Every structure is written in structure tokens, then in C-alpha cells.
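# Breakdown of the fold
So you can see what is in the structure, the chains are spelled out below.
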Amino acid sequence: MTDRVDINRLLGEMRTLKSQTQVFQRPQINGDMGINRGLNNLQMDTQNKVPSFGDLMTKAINNVNEVQQKSSAMATAYEKGVDGVDITDVMIASQKASVSFQAMVQVRNKLVEAYKDVMSMPI
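Rules used in this analysis
Residues numbered from 1 in each chain as written. Predicted model: local features only at pLDDT ≥ 70, side-chain atom pairs only at ≥ 80, totals over all residues. Heavy atoms only, no water. Helix = DSSP H or I, 4+ residues; strand = E, 2+ residues; numbered from the N terminus. Buried < 20%, exposed > 50% of the residue type's maximum accessible area, 1.4 Å probe, protein only. Contact = heavy atoms within 4.5 Å. Areas by Shrake-Rupley, 256 points an atom, 1.4 Å probe, with all protein chains shown as cover. Salt bridge = Lys/Arg side-chain N within 4 Å of Asp/Glu carboxyl O. Expected span 1.5 Å × (residues − 1). pLDDT = per-residue confidence, 0-100.

## Side note on the overall build of the protein chain
The helix and strand inventory of the protein chain stands at three helices and zero strands. In the protein chain, the order of α-helices and β-strands from amino to carboxyl end is α-α-α. Burial statistics for the protein chain: of 123 residues in total, 19% are counted as buried. Partitioning the contacts of the protein chain with sequence separation of at least 6, the portion at a separation of at least 24 is 36%. Carbon and sulfur atoms make up 56% of the accessible area of the protein chain, which totals about 10100 Å².

Right under this line is the structure:
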């Protein structure tokens, strides 16, 4: 017996990943449609119609935290023997959490490096 991938779940995950990546793209004005859907919950600068840097960073950190919490909850459910929690799903969630955390650490490192560069500039 072969396990098949649930297409609806896979499409849902792909849409979630797409919306998460759209947060970091520059907003596009689409006639009457307004700004990208991925930027709906962010505060906008009224003149430029772009989210503030702090809002983008807060949203990114919250997304990483959410992915880690889901991974932990899924691992705990698997350990308890909850029906419907497969080891492959647990491992995928764990890897997603790991990759997202590593990416956030790299962003932090680049920000610290950029800050040091700016602070070491002569006036």
C-alpha cells in the first residue's frame, strides 16, 4: 500500500509559504486592488505605501516563532501517539523550523554587520 500526498494540504502549505515570502517583496500597486495581500496586517507609511522596517522584522520573527511552536507541538503529539500525526510530517516541520531559524540568524548577523559598518564610518 502506497501513501499518497494529500494535494489539498500540499497546496495549502505552498500558499502559506508564498504569502510568507511576499512579505519581503516590494508592494505592487494593482489598479484598484491596492497593495499585495501579504502586507495586509502591517502598518503603512502613508506617503510611500510601504511597511516600516520594524514591522517587517517583527512579522518575520513572529513567523519563525510560529513555525517553531507548530513543530514542537507536532513532535509532542507524535510522542504521545496522537492519531493522524505521521513521523514524516514531524520531520518536515522540524526541518522547516530549523531552516527558518537559521535564516533569521543570518539576517540578524547581516544587520549587526551593517550596523558595525555604519558606526565605524567617519563623520
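## A short note on the pattern of salt bridges
Going through the model one piece at a time under the given rule, you end up with one salt bridge. One salt bridge in this structure joins lysine 70 and glutamate 66, with 3.2 Å as the shortest N-O distance. Taken together, the positions of lysine 70 and glutamate 66, both in helix α2 (residues 53-80) and four residues apart, correspond to about one turn of that helix.

## With respect to α2
Counted at 1.5 Å a residue, the expected span for α2 with its 28 residues is 40 Å, and the 41 Å between its end C-alpha atoms agrees. Looking only at α2, the buried set comprises Asp55, Leu56, Met57, Ala60, Asn63, Val64, Ser71 and Ala77. A positive backbone phi angle near 85° is found at glycine 81, which sits one or two residues after α2.

## A short note on helix α3 (residues 87-119)
For α3, built from 33 residues, the straight-helix expectation of 48 Å at 1.5 Å per residue is met to within 8% by its first-to-last C-alpha distance of 48 Å. Inspection of α3 places Asp89, Val90, Ala93, Ala97, Ser100 and Met104 among the buried residues, and these make up the whole buried set.

## Overview of the confidence of the model for the protein chain
Averaged over every residue, the pLDDT of the protein chain is 79; the share at 70 or more is 71%. In the model of the protein chain, helix α1 (residues 7-22) stands out as the element of lowest mean pLDDT, 73, in contrast to α3, which has the highest, 93. Confidence drops under a pLDDT of 50 for residues 29-39, and excluding neighbours within four residues, the segment shows 20 contacts in the predicted structure.

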